[in-house]
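Reading the structure
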Amino acid sequence: MRIAYLNINKAAKARARRLIDYLAGLDADLIGLGEMTRSNADAFRDGFAALGYRHSCFKAPDGPKGSIGVVSRNRFSQMRIAYMQSRSGHDGIPRIAQIHERGLDLTFVYFPNHLKKIPYFRRLLRDGRKLVRSGSAAALIGDFNTGDKEDYGGPKGFFTGQEEFDGLKRMGFRDLMLEGNPGGREWTWVSTFGNGFRLDQSLGTEGFAERVSAARYDHMPRETQMTDHSAMVIDLD
């Protein structure tokens, strides 16, 4: 099984078509899409469906803001957007998608920046604790807009949400992109000032990590300006 993820940066029209062709070319069975919007949802759903990805999970947000989406070649027993209660302080955008099938629990995310991401991290910390304790083969995959201290290449020196991100690893989630990626730690987003950051992360429980045969970043979509993020590709035995 191959899983891919890419922040598509609200791509539309010609850029959307290029990204669909690129992602389909990765030959992934399941693809997470960060920063999908109401205006490009139909183009991505229809474009992927024409290439064999006939199953999708996406809830359009109000307005122009981006949210999370997933497309798949196969039907899953559970494939849904996970909503949060308004009292939790979230920003009202669908940012978490959950997939369950064949003993796998997959969570795809597209997190906001700054303090707006904290309620979503609290959700992952709560759910992640249950997944680790249960022994589930589970993974958290996506654009967290956060990493650990070594992932921050800017002058401030730390991420908002860094403590929460580190908390996921302390509770038992392994850093799949560092463990399985031949290139090790690599930047997945670069600012206009040239500062690099590793914002795109894949964390897995012990049961999931044991099934990973390869994990890598693909910088081509970012370097060719199809989008502003690098892609992640994960292969499972």
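Scroll up to find the structure.
Described below are features of the structure shown in this document. Owing to the predicted nature of the structure, the values given are computational and were not obtained by experimental measurement. (Residues numbered from 1 in each chain as written. Predicted model: local features only at pLDDT ≥ 70, side-chain atom pairs only at ≥ 80, totals over all residues. Heavy atoms only, no water.)

1. A look at the packing of helix α1 (residues 13–25) against helix α2 (residues 41–49)
In contact at an axis separation of 10 Å, α1 and α2 are set at 40° when each is read in the N-to-C sense. Here α2 runs oblique to α1, going by the angle between their axes. Relative to α2, α1 is oriented so that their crossing is right-handed. Facing α1, whose interface residues are Ala16, Arg17, Leu19, Ile20, Leu23 and Ala24, α2 presents Ala43, Phe44, Gly47 and Phe48. (Axes fitted to C-alpha atoms, helices over the stretch in contact; angles between N-to-C directions. Helix = DSSP H or I, 4+ residues; strand = E, 2+ residues; numbered from the N terminus. Parallel < 35°, antiparallel > 145°, perpendicular 65-115°, else oblique. Left-handed = near helix turned anticlockwise from the far one by under 90°. Contact = heavy atoms within 4.5 Å.)

2. Concerning the pairing of strand β1 (residues 2–7)
By the criterion of burial, β1 is predominantly enclosed, with five of the six residues buried. Direction of pairing for β1 relative to strand β14 (residues 231–236): antiparallel, over a ladder of four bridges. The partner of Ile3 across the bridge, within β14, is Ile234. Here five bridges tie β1 to strand β2 (residues 30–36), and the two strands are oriented parallel to one another. Bridge pairing in β2 places Ala4 opposite Ile31. Crossover connection from β1 via α1 to parallel β2: handedness right-handed. (Buried < 20%, exposed > 50% of the residue type's maximum accessible area, 1.4 Å probe, protein only. Pairing = 2+ DSSP bridges. Right-handed = clockwise from strand over helix to strand, strands pointing away.)

Taken by themselves, the reported measurements are silent on function.
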